[in-house]
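# An overview of the molecular structure
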Amino acid sequence: MFNLDLTEEQQLLEQSVREWGTRAVAPRIHDLDRAHQFDRGLLPQMAELGLLGSCIPQKYGGVGMDYVSLGIASEELEYLDTSLRVIVSVHVGLNSLTLLSWGTDDQKNRYLIPQAQGRKIATYGLTEPSAGSDARGIQSVAIKKSDRYVLTGEKMWISLADVADNFLVFAWSDLEKKKQRDPNGISAFIVERSLKGFSSGTLKEKWGILAGNTGFFKMDEVEVPRDNLVGREGEGFKIAMFALDQGRYTVAAGATGLIRACRDASVSYAKQRKAFGVEIGSHQLVKEMLAQMESDYQASRLLWMRAGWLKNEGRRNTRETGLAKWFATVASERAASDAVQIHGANGYSDEYPVGRFYRNCKGAVIYEGTREIHKVMQADYLLGYRTDRPTRCELPPYA
C-alpha cells in the first residue's frame, strides 16, 4: 500500500542532509555560484552521508536505502542548490542504478562498488552536439576489433564531465542500423577516464547551475575491453531509456526541493518587506503566488513519491516518473519566476537567492526529456499510442 508517512530511517536521512547542508553548503553556495566553482571537497562529504550509494545494496558498497530515500535526498540537496542534486542524478540515478540492473558481476565488482562507496565518481554520456531529445541522432561509433571496441565521438552537456572517473557511454555498434536509425544498433559501454584517447573539458558560458561542473568529452579511437560492454550488443538504447527513468526521478524530486526553496524565501521576504504601510504578504496577489507555490510543492511531492513507491515495488514506472519530472520542473520554473516577482527589484539582485533559483530551474525543463517530449509522452499514453513493455532488467524491488 502506498504510504506517505516517512519511516524513521527516511526521517533521519532528511534531517542529516538538511543539517549537513545548513552547516557545510549554505554559507558558501553564493560565493561558489558567483565564482563558477565546483567544490570537489563536497564529494567525500556526500559519500560519508551515504548519498553516493544511497539505494545501492550493501553487498555492492551502498547503504541499501530504498528509492523514496533517494527522492528525499534529491529534494533536500536541490533545496540547497541544483548543483548538488545533479551529482546524485548522474552518479547514482543515471549510472550506478543502471549498472546495478544491467551490469555483470564483474562490472559491479570493478565499477559499482567503488562508485557506491564514493571512491570513484561516475556520470552518463548520451547527449551530443547534434543529438539531444533525438537520441537516435548520436554520431559516436564503436567498432568491434577482436576482444575490444574502438570508440570515437564527442559528448556534450555532460554533468561532471571534468570530474568523473567512469562514464556510461552510448554509441552505434552496428553501422548499417545507424544508417537506418534503428536503435537496436546502439550499445552501452563503461569508459574510464584513464583510457588513451579520452579527453574532457568544462563549458564556461552557461548561465545556470554555476556551482556545478558541466562539460564535454571526446573519444579519439578509445579502446574499450569487451568486458565493458553493458548488457548485450544492441541493447544500448533500452539501457539509455532505463537509465533516464532513474535520472528523471531524481530531477523530479530535486525540482520539488527548488519549489520549496522558492516558497520559503518568498514567505520570509513577504513577512519582512512592507509596501503601502503593510507587509506585502497581506496583499492578495502576493498571497496568490505563495498559494500557487504551496500547491505546486505538495502536488510535485506526491508525484515523485508515487513514482518512488512503484520503484520500491519493482514495477515499471516510466509513465509516472515522466509525469513527475514534467510537472515538477515546469512548476519549479513558475515558482522561481514568482519568487523573483515577490522580491521585486531585490529579486533582480544577487543579494537574495531567488535569482540563483531562477537561473538554476530552467535546465531541468530541458534535460532528461524536454517538457514538450513529456507532454507528447503523456498524451500518447492516453491515446493508446504508447505502452510500456517489460525490459530484460527491471529495478530490484525494495518492498
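The following paragraphs examine the structure supplied in this document. (Residues numbered from 1 in each chain as written. Predicted model: local features only at pLDDT ≥ 70, side-chain atom pairs only at ≥ 80, totals over all residues. Heavy atoms only, no water.)

### What to know about the pattern of salt bridges
Summed over all chains, the structure comprises 26 salt bridges. The partner of E75 in a salt bridge is R301, and the shortest N-O contact between them spans 2.8 Å. A residue pair is termed long-range when its members are at least 10 positions apart, and E75 in helix 4 (residues 67–80) and R301 in helix 9 (residues 284–312) qualify at 226 residues. Just as E75 is buried, R301 falls in that class too. D134 serves as the salt-bridge partner of R181, at 3.0 Å between the closest nitrogen and oxygen. Taken as a pair, R181 in the loop between helix 7 (175–179) and strand 5 (186–192) and D134 in the loop between strand 1 (122–125) and strand 2 (141–145) lie far apart in primary sequence, 47 residues in all. You can call D134 partly exposed: its relative accessible area is 35%. (Salt bridge = Lys/Arg side-chain N within 4 Å of Asp/Glu carboxyl O. Helix = DSSP H or I, 4+ residues; strand = E, 2+ residues; numbered from the N terminus. Buried < 20%, exposed > 50% of the residue type's maximum accessible area, 1.4 Å probe, protein only.)

### Details of the environment of R316
Considering the arrangement of structural elements, one finds R316 in the loop between helix 9 and helix 10 (318–343). When the C-alpha positions of R316 and D388 are compared, they lie 7.4 Å apart, and in sequence the two are 72 residues distant. Looking at R316, its side chain comes within polar contact range of the side chain of T318, at 2.8 Å. (Polar contact = N/O pair within 3.5 Å; in protein donor to acceptor, adjacent residues only side chain to side chain.)

### Notes on the packing of helix 10 against helix 11 (residues 354–366)
Each pair of packed helices can be summarised by the angle the axes make with each other and by the distance between the axes. With their axes 9 Å apart at the nearest point, helix 10 and helix 11 run at an angle of 160 degrees to one another. Between helix 10 and helix 11, the interaxial angle falls into the category roughly antiparallel. Both helix 10 and helix 11 take part in a crossing whose hand is left-handed. Across the interface between the two elements, K325, T329, V330, S332, E333, A336, S337, A339, V340 and H343 of helix 10 pack against V354, G355, F357, Y358, C361, K362, A364 and V365 of helix 11. Here the residues of the contact of helix 10 with helix 11 are counted per class, giving 10 nonpolar, 5 polar and 3 charged. (Axes fitted to C-alpha atoms, helices over the stretch in contact; angles between N-to-C directions. Parallel < 35°, antiparallel > 145°, perpendicular 65-115°, else oblique. Left-handed = near helix turned anticlockwise from the far one by under 90°. Contact = heavy atoms within 4.5 Å. Nonpolar A, V, L, I, M, F, W, Y, C, P; charged D, E, K, R; others polar.)

### With respect to the pairing of strand 3 (residues 148–159)
Sheet topology places strand 2 next to strand 3; 5 bridges connect them, and they run antiparallel. Its bridge partner lying in strand 3, I143 is registered against V150. Sheet topology places strand 3 next to strand 7 (residues 214–225); 9 bridges connect them, and they run antiparallel. Counted as the bridge partner of R148 is P225 from strand 7. (Pairing = 2+ DSSP bridges.)

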